[in-house]
Amino acid sequence: MNDSTTTLDGPVTDDALTRPFEGASPYDAYVHASVLNTLQQPLTEAPDEMGFLVTTQVMELWFTLIVHEWRTAKVAFAKDDLPAAMDALERSRRALTALSGAWAPLAALTPARFNGFRAAFGRASGFQSAMYRHMEFLLGDKSAGLLRSHRGDPAVHEALAETYREPSLYDEVLAHLHRQGLPVPRHVRERDVTSPYDGDPGVVDTWRHVYTGPQHHPHLALGELLTDIAELVTRWRYDHVLVVRRAMGAKTGSAGSAGLAWLEQRAARPVFPDLWEVRGDV
């Protein structure tokens with residue numbers, strides 16, 4: 001090796017990296033990190049409160065991305081653009097994986113450490129998250145009561161009401177499959193989309209056509225990607241149950257809900273139930 005051709009004796013410098021910015025850095029102008037970093041405002045001296053705030057705020061950002069991707073997929077399905085829809089769903093699958101990992105900073109929170117700041121957030125509760133409610137409505141888990149709880153904030157309520165009134169992501173999937181010649185029942189296609197979707201034997205039959213057909217068909221890949229999404233949502237919900245169970249047991253929730261019992265009930269609700277049902281029929 002010729003020592004004259006390279007050197008590791010000193011740091012590499014680049015004038016472009018040390019040149020002063022005119023105002024905010026281009027990075028901050030685009031990412032708005034300086035704004036994000038002002039949003040953590042602990043109300044106590046408890047050492048775990050900062051982690052709680054950062055974790056919940058990061059989750060809200062993941063919710064926002066997932067909602068964006070599911071809406072993108074809905075538009076693509078309405079246009080029968082399956083590749084674009086699959087791309088959006090795949091991006092959401094990766095975001096859901098990251099969302100599940102976001103529980104890690106809170107996973108070992110003890111009751112005493114949680115009690116160190118719990119009283120400070122009063123009646124605030126994660127179930128009040130409007131963006132998470134958008135996620136649930138997009139999954140077809142509609143609730144007029146949970147929509148009504150946001151009426152105190154007109155802008156938030158109207159945005160959420162729009163998602164409530166529109167077909168869910170799964171409704172658009174079924175409409176696409178029908179247009180592709182699959183036997184989606186008419187009563188499902190014409191149902192009241194503001195009602196929660198709990199599965200339908202006729203739709204299970206539709207997926208049976210897919211799962212017993214060619215094993216490399218794009219519709220089977222769609223079914224498996226939707227199943228991935230359903231599984232990740234369910235895992236996130238059960239991780240939530242475990243974090244709450246470990247930090248506060250069966251105490252009443254901060255907003256007056258049944259706390260752990262309510263979360264367990266919500267976690268048990270299947271996402272895309274037809275896709276789970278069909279697996280026992282193939």
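Residues numbered from 1 in each chain as written. Predicted model: local features only at pLDDT ≥ 70, side-chain atom pairs only at ≥ 80, totals over all residues. Heavy atoms only, no water.

### What to know about the packing of aromatic side chains
Part 1: Applying the stated criterion to the full structure yields 14 aromatic pairs.
Part 2: Pairing Phe 52 with Phe 121 gives two aromatic rings, centres 5.5 Å apart and planes at 5°, and the pair type is stacked. In this pair, Phe 52 sits in helix α4 (residues 49–78) while Phe 121 sits in the loop between α6 (111–118) and α7 (130–138), placing the two residues 69 residues apart along the sequence.
Part 3: A cation sits over an aromatic face here: Lys 142 above Tyr 164, 5.9 Å from the ring centre. (Phe/Tyr/Trp six-rings, centres within 6.5 Å; stacked < 30°, edge-to-face > 60°. Helix = DSSP H or I, 4+ residues; strand = E, 2+ residues; numbered from the N terminus. Lys NZ or Arg CZ within 6 Å of the ring centre and 35° of its normal.)

### Describing the pattern of salt bridges
Part 1: Taken as a whole and assessed by the stated rule, the structure comprises 20 salt bridges.
Part 2: Linking Asp 171 and Arg 191 is a salt bridge whose minimum nitrogen-to-oxygen distance equals 3.1 Å. Of this pair, Asp 171 sits in helix α10 (residues 169–179) while Arg 191 sits in the loop between α11 (186–189) and α12 (201–211), and the two are 20 residues apart along the sequence. The exposure classification of Asp 171 matches that of Arg 191, with both residues buried.
Part 3: Here Asp 205 makes a salt bridge to Arg 208, at a shortest N to O gap of 2.2 Å. Placement of both Asp 205 and Arg 208 in helix α12 is noted, with a separation of three residues, approximately one turn of the helix.
Part 4: On the basis of relative accessibility, which here comes to 25%, the residue Arg 208 falls in the partly exposed class.
Part 5: A network of salt bridges, in which partner residues are shared, links Arg 133, Glu 136, Asp 141, Asp 198, Arg 237, Arg 266 and Arg 269. (Salt bridge = Lys/Arg side-chain N within 4 Å of Asp/Glu carboxyl O. Buried < 20%, exposed > 50% of the residue type's maximum accessible area, 1.4 Å probe, protein only.)

### Observations concerning the environment of Glu 90
Part 1: Counting through the fold element by element, Glu 90 comes out in helix α5 (residues 82–101).
Part 2: The exposure class of Glu 90 is partly exposed, given its relative accessible area of 23%.
Part 3: Linking Glu 90 and Leu 222, residues 132 residues apart in sequence, is a C-alpha distance of 9.9 Å.
Part 4: Here Arg 93 takes part through its side chain, which lies 2.8 Å from a polar atom of the side chain of Glu 90. (Polar contact = N/O pair within 3.5 Å; in protein donor to acceptor, adjacent residues only side chain to side chain.)

### Considerations on the confidence of the model for the protein chain
Part 1: Summary statistics for the protein chain give a mean pLDDT of 92 and a share of 93% for residues scoring 70 or more.
Part 2: The element-level mean pLDDT for the protein chain is lowest in helix α1 (residues 15–18), coming to 74, with α10 highest at 98. (pLDDT = per-residue confidence, 0-100.)

### Some points on the environment of Ser 195
Part 1: Along the polypeptide, Ser 195 turns up in the loop between α11 and α12.
Part 2: C-alpha of Ser 195 to C-alpha of Lys 142: the two residues are 53 residues apart in sequence and 5.8 Å apart in space.
Part 3: Setting aside chain neighbours within four positions, we find Ser 195 in contact with Gly 140 and Lys 142. (Contact = heavy atoms within 4.5 Å.)

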